[in-house]
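A look at the structure
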Amino acid sequence: MMSALLSDDLPRLLELYDFDEPLVELAQEVNKPSHLLSVLLTEQCFGAAITFLAHCLKKDFSITWGYACLNHAPVSWSKQEINVLEDIESWLKEPTDNHRRIHEKNLHVLGVKSPVAWLGQAIFWSGGSITPEGAPDVSPSPSLFGQAVSGAIQLAGLVEDAKHSNTLYPRFINLGIRLVEGMQKDDLLSLSPEGI
């Protein structure tokens, strides 16, 4: 079974990003990524769990997770956001550079308060050059991708009504845990909200 994580070795995952001290301390008490996520959930360290998943899942799994979270958020997306969600789905089905570049300007169009824009930005930062086509290649900083996915998911829990975030964040984290525990991406996307 192919792992959804960049590594199954927890200490190696902790080297991927400058995680907050509480997460690093809790990680000393467990030996597996799935155990760390369970502890973070129990301790209600929702932001830390989302950040961990966003940086430690493989990029296609991370975008799949983000897309599933946006679909499970009780948000009335704008027509523009729905169009971007369709573009995200296209990238998930066929992660070509053309589908990646479609997301280059979404953040400027939709604005920084849109979770959908941030997930699209994560796709743009997922690999390949971030300079205009024909210009010398420049790769994005490795941490930008995870920051954009994390931002998208954390914003999705706040968009309609911040008081629902304590219900939504555990739901989002449980979706990520399902990937870590071996659920296939297509199966995750087909889950109903009641199935979480």
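Residues numbered from 1 in each chain as written. Predicted model: local features only at pLDDT ≥ 70, side-chain atom pairs only at ≥ 80, totals over all residues. Heavy atoms only, no water.

We now examine unusual backbone geometry. Positive phi outside glycine occurs at glutamine 44, with the angle close to 60°. Structurally, glutamine 44 is set in the loop between helix H3 (33-42) and helix H4 (46-56). (Helix = DSSP H or I, 4+ residues; strand = E, 2+ residues; numbered from the N terminus.)

Here helix H6 (residues 79-93) spans 21 Å end to end across 15 residues, near enough to the 21 Å set by a 1.5 Å rise per residue. Residues of H6 that are buried: Glu81, Val84, Leu85, Ile88 and Trp91. Summarising the axial view, the buried residues of H6 lie within an arc of 115°, below the 170-degree limit, and thus occupy one face. Residues of H6 that are exposed and point over 90 degrees away from its buried face: Lys79 and Lys93. Packed against the buried residues of H6 are helix H5 (59-72), helix H7 (97-101), helix H8 (106-110) and helix H9 (115-124). (Expected span 1.5 Å × (residues − 1). Buried < 20%, exposed > 50% of the residue type's maximum accessible area, 1.4 Å probe, protein only. Arc of directions from axis to C-beta. Contact = heavy atoms within 4.5 Å.)

Turning our attention to the environment of alanine 148. Along the chain, the position of alanine 148 falls in helix H10 (residues 142-156). A relative accessible area of 1% means that alanine 148 is categorised as buried. Sequence spacing of alanine 148 and glycine 66 is 82 residues, and the spatial spacing of their C-alpha atoms is 9.9 Å. In contact with alanine 148, not counting residues within four places along its chain, are Trp118, Gln121, Ala122 and Trp125.

In the structure shown here, the tally under the stated rule is 5 aromatic pairs. Between the aromatic rings of tyrosine 17 and phenylalanine 19, the centroid separation amounts to 5.4 Å while the plane-to-plane angle is 75°, which identifies the pairing as edge-to-face. The interplanar angle of 45° and the centroid separation of 5.7 Å between the aromatic rings of phenylalanine 19 and phenylalanine 52 together place this pair among those described as tilted. You can see phenylalanine 19 sitting in the loop between helix H1 (10-14) and helix H2 (21-27) and its partner phenylalanine 52 sitting in helix H4, a full 33 residues away along the chain. By relative accessible area, phenylalanine 52 is classed as buried at 0%. Here a set of aromatic residues connected by ring pairs shows up, and it is made of Tyr17, Phe19 and Phe52. Stacked on the ring of phenylalanine 145, the Lys or Arg lysine 59 has its end atom at 5.6 Å from the ring centre. If you follow lysine 185 out to its NZ or CZ, it ends over the ring of phenylalanine 61, 4.9 Å from the centre. (Phe/Tyr/Trp six-rings, centres within 6.5 Å; stacked < 30°, edge-to-face > 60°. Lys NZ or Arg CZ within 6 Å of the ring centre and 35° of its normal.)

Before going further, it helps to spend a moment on the side chain of serine 114. Its place among the elements puts serine 114 in the loop between H8 and H9. Sequence-distant contacts of serine 114, that is, excluding residues within four places in its chain, are made with Glu81 and Leu155.

In this section: helix H11 (residues 165-180). With 16 residues, H11 ought to run about 22 Å at 1.5 Å a step, and its terminal C-alpha atoms sit 22 Å apart, in line with that. Among all positions in H11, only Ser165, Leu168, Tyr169, Pro170, Phe172, Ile173, Leu175, Gly176, Ile177, Leu179 and Val180 are buried. Taken together, the buried residues of H11 touch H3, H4, H5, H10 and helix H12 (185-189).

For side chains bearing opposite charge, pairing can occur when the charged atoms are close. Scanning the entire structure with this criterion turns up 5 salt bridges. The partner of aspartate 60 in a salt bridge is lysine 185, and the shortest N-O contact between them spans 2.6 Å. Of this pair, aspartate 60 sits in helix H5 while lysine 185 sits in helix H12, and the two are 125 residues apart along the sequence. For aspartate 60, a relative accessible area of 28% gives the class partly exposed. Residue classification places lysine 185 among the partly exposed positions, given a relative accessible area of 25%. One salt-bridge network, held together by shared partners, links Asp97, Arg100, Arg101 and Glu104. (Salt bridge = Lys/Arg side-chain N within 4 Å of Asp/Glu carboxyl O.)

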